[in-house]
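# Structural overview for review
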Amino acid sequence: MSVSAPVARVYARLTQGEAVVAACQAEGVTCQHDVTVDAHYDGKPVCTVTLPWVIDGHAFLWADETLVESIAEERLQAMASALAMPVCIVRREAALNPQS
């Protein structure tokens, strides 16, 4: 994942369990919650997807410890090809409430 330094620092904060809004404010990046975007296949929109967070133009998704890393990577690739933005998957334990 190639991201700007502030987004990389937000990512690092999130993997440590920091709240999304606090991490974004600390790094001076914009964040939006529950963003609806079009997913595409062959360049055509096929459905809408609601992303939990879009941080400085990057879709952020969460995977907890119950999700096998290889499955998370497959999902990352599928989402990245369907969305018109970079996708970041945050892996951490107890990722049950990333909005707090």
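Heads up: these notes are all about the structure in this document. (Residues numbered from 1 in each chain as written. Predicted model: local features only at pLDDT ≥ 70, side-chain atom pairs only at ≥ 80, totals over all residues. Heavy atoms only, no water.)

## Notes on the sheet that holds strand β3 (residues 58-63)
Short version of the rule: Strands pair, by our definition, only if DSSP identifies at least two bridges between them. The helix and strand labels rest on DSSP assignments: H or I over at least four residues marks a helix, E over at least two residues marks a strand, and numbering proceeds from the N terminus. Only the contacting stretch of a helix is used when fitting its axis, a line to C-alpha atoms as for every element, and angles between N-to-C directions run 0 to 180 degrees. By definition, residues are in contact when any of their heavy atoms lie within 4.5 Å.
If you trace the four strands from one edge of the open sheet to the other, you get β1-β2-β3-β4, paired in mixed fashion. Since the sheet does not close on itself, it has two edges, and those belong to β1 (31-41) and β4 (87-91), each with one partner. Geometrically, the sheet is characterised by an average inter-axis angle of 40° between neighbouring strands, direction not taken into account. Strands in contact with helix α1 (residues 5-15) are β2 (44-55), β3 and β4; relative to β4, the strand with the most contacts, it is inclined by about 30°. In the packing of helix α2 (residues 20-27) onto the sheet, contacts are made with β1, β2 and β3, and the angle to β2 comes to roughly 75°.

## Let's talk about the pattern of salt bridges
Note the threshold: Whenever a carboxyl oxygen of Asp or Glu lies within 4 Å of a side-chain nitrogen of Lys or Arg, that contact is scored as a salt bridge. Only protein chains enter the accessibility calculation, which uses a 1.4 Å probe; a residue is then buried when its area is under 20% of its type maximum, exposed when over 50%, and partly exposed in between.
The final tally for this structure, using the stated rule, is three salt bridges. Measuring nitrogen to oxygen at the nearest pair gives 3.0 Å for the salt bridge that ties Glu-18 to Arg-13. Judged by relative accessible area, Glu-18 falls into the partly exposed class, the value being 26%. For Arg-13, a relative accessible area of 27% corresponds to the partly exposed category. As a salt-bridge pair, Arg-13 and Glu-27 come within 2.9 Å of each other at their nearest N and O atoms. One end of the pair, Arg-13, is in helix α1; the other, Glu-27, is in helix α2, with 14 residues separating them in the sequence.

## Notes on the packing of aromatic side chains
Note the cut-off: Only Phe, Tyr and Trp rings are paired, with Trp represented by its six-membered ring, and only when their centres lie within 6.5 Å; those with planes under 30 degrees apart are stacked, over 60 edge-to-face, the remainder tilted.
Taken as a whole and judged by the stated rule, the model has one aromatic pair. Taking 6.4 Å as the distance between ring centres and 55° as the angle between the ring planes, the aromatic pair formed by Tyr-11 and Phe-60 counts as tilted. In this pair, Tyr-11 sits in helix α1 while Phe-60 sits in strand β3, placing the two residues 49 residues apart along the sequence.

## Some thoughts on the packing of α1 against α2
Defined as follows: Note on convention: the crossing is left-handed when the near helix lies turned anticlockwise from the far helix by less than a right angle, right-handed when the turn is clockwise. Residue polarity follows a fixed list, in which Ala, Val, Leu, Ile, Met, Phe, Trp, Tyr, Cys and Pro are nonpolar, Asp, Glu, Lys and Arg are charged, and the others, Gly among them, are polar.
α2 packs onto α1 with a crossing angle of 145° between their chain directions and a minimal axis gap of 9 Å. Judged by the sense of rotation from one axis to the other, the crossing of α1 with α2 is right-handed. Counting all contacts with α1, which are made through Pro-6, Arg-9, Val-10, Arg-13 and Leu-14, the residues of α2 involved are Val-20, Ala-23, Cys-24, Ala-26 and Glu-27. Tallied by class, residues from the contact of α1 with α2 come to seven nonpolar, no polar and three charged.

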